[in-house]
Amino acid sequence: MPQRKYLVLSRCQPGQQGQSPSPEQMQQMYAAFHAWKEKFKDNILDLGDRLKPGGKVLTAAGVADGPFVEAKEIVGGYMIISAADDESAVEVARACPGSQAPGNSMEIREMVGL
């Protein structure tokens, strides 16, 4: 079965970051992230990146600073993965260590491809 491409948007609720992790916790987080990255290396097409706060919002009315304060969630990062189907894409995203953090969610959308 041919692989499909999926965009994974990492979302978080403003103010849900909590305390900064200790150096030991950071080591554990990086180890878990690198293990996940190695396990799914054939599925990760573009690891993407975290996004800086702010940016611009373009609408038909013009351009404004964003994201807006009243936003319930903020897109904090993205990645592009390949998977055989929706369930496999969810499996890859669910295994990502950041997906289980309090206040975080991941939106998984199949890319159409032109």
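As a reminder, the structure under discussion sits directly above these lines.
Residues numbered from 1 in each chain as written. Predicted model: local features only at pLDDT ≥ 70, side-chain atom pairs only at ≥ 80, totals over all residues. Heavy atoms only, no water.

**Let's talk about the environment of Lys56**
Using the following cut-off: Put simply, DSSP H or I for four residues or longer makes a helix, DSSP E for two residues or longer makes a strand, and each gets a number counted from the N terminus. Whenever a nitrogen or oxygen atom comes within 3.5 Å of another N or O atom, the pair is scored as a polar contact, on the condition that within protein one atom can donate a hydrogen and the other can accept it, and that pairs from neighbouring residues in sequence are kept only if both atoms are in side chains.
For Lys56, the position within the fold is in strand β3 (residues 56-59). Separated by ten residues in sequence, Lys56 and Gly66 have C-alpha atoms that sit 5.1 Å apart. A distance of 2.5 Å separates a polar atom in the side chain of Lys56 from a polar atom in the side chain of Asp65.

**Some thoughts on the nonpolar core**
Our working definition: Residues enter a nonpolar core if they are buried and are Ala, Val, Leu, Ile, Met, Phe, Trp, Tyr or Cys, with the set joined through side-chain atoms within 4.5 Å. A simple rule labels every residue: compare its accessible area, found with a 1.4 Å probe on the protein chains alone, to the largest value its type can have, and call it buried under 20%, exposed over 50%, or partly exposed in between.
Counting residues in hydrophobic clusters, the biggest one holds twelve residues: Tyr6, Val8, Trp36, Phe40, Ile44, Met79, Ile81, Ala83, Ala89, Val92, Ala93 and Cys96. Elements represented by at least two residues in this core include exactly β1 (4-12), β5 (74-83) and α2 (86-95).

**Describing a nonpolar patch on the surface**
To be explicit about the condition: Patch membership requires over 30% relative accessible area and the absence of a salt bridge. Like charges are linked within 9 Å, and nonpolar side chains (Val, Leu, Ile, Met, Phe, Trp, Tyr) within 5 Å. Computed with a 1.4 Å probe, the accessible areas rest on the Shrake-Rupley method; for each residue, only the protein chains presented here act as cover. Throughout this description, the term salt bridge denotes a Lys or Arg side-chain nitrogen within 4 Å of a carboxyl oxygen of Asp or Glu.
A surface patch of nonpolar side chains, about 220 Å² in accessible area, is lined by Leu51, Val75 and Tyr78. Looking at where Leu51 falls in the secondary structure, it is placed in the loop between β2 (44-50) and β3. Judged by relative accessible area, Leu51 falls into the partly exposed class, the value being 42%.

**A closer look at the side chain of Ser99**
Heads up, the rule is: Residue contacts are defined here by distance: any two heavy atoms, one from each residue, within 4.5 Å place the two residues in contact.
When you line up the elements, Ser99 lands in the loop between α2 and β6 (104-110). Taking the relative accessible area as the measure of exposure, Ser99 reaches 14% and is therefore buried. A polar side-chain atom of Ser99 sits 3.4 Å from the main-chain carbonyl oxygen of Ala93. A distance of 2.8 Å separates a polar side-chain atom of Ser99 from the backbone oxygen of Cys96. Excluding anything up to four places from it in sequence, Ser99 contacts Ala93, Arg94, Asn104 and Met106.

**Considering the packing of aromatic side chains**
Threshold: Geometry of aromatic contacts follows a simple scheme: Phe, Tyr and Trp rings, the Trp one being its six-membered ring, pair when their centres are within 6.5 Å, and the pair is stacked under 30 degrees between planes, edge-to-face over 60, tilted otherwise.
For the coordinates displayed, the defined rule picks out one aromatic pair. For the ring pair Phe33 and Trp36, a centre distance of 5.7 Å and an interplane angle of 40 degrees mean the geometry is tilted. Pair noted here: Phe33 and Trp36 are both in helix α1 (residues 23-39), with a separation of three residues, about one helical turn. For Phe33, a relative accessible area of 25% translates into the label partly exposed.

**Here we look at the pairing of β1**
Our working rule: A pair of strands is considered paired only if DSSP assigns at least 2 bridges between the two.
Relative to β5, β1 is paired through nine bridges, and the arrangement is antiparallel. Note on β5: the bridge partner recorded for Arg11 is Val75. Note that β1 and β6 share seven bridges and pair antiparallel. In the sheet register, Cys12 faces β6, and the bridge partner there is Asn104.

**Focus on the pattern of salt bridges**
When the charged atoms of two side chains with opposite charge come close together, those side chains can pair. Enumeration over the complete set of coordinates arrives at five salt bridges. A salt bridge links Glu107 to Arg109, with the shortest nitrogen-to-oxygen separation between them at 3.0 Å. What makes Glu107 partly exposed here is its relative accessible area of 22%. Here the salt bridges share partners, and the residues they tie into one network are Arg11, Glu107 and Arg109.

**Focus: the sheet that holds β2**
As a reminder, the rule being used: A fitted line through C-alpha atoms represents every axis, and for helices the fit uses only the stretch in contact; the resulting angles, taken between N-to-C directions, go from 0 to 180 degrees.
Spatially, the four strands line up as an open sheet ordered β2-β5-β1-β6, and their pairing is antiparallel. On the outer flanks of this sheet lie β2 and β6, each paired with one strand and no other. Strand-to-strand, the axes of this sheet are offset by a mean angle of 20 degrees, without reference to chain direction. Sheet contacts for α1: β2 and β5; angle to β2, the most-contacted strand, approximately 155 degrees.

The analysis is restricted to geometry; functional conclusions fall outside its scope.
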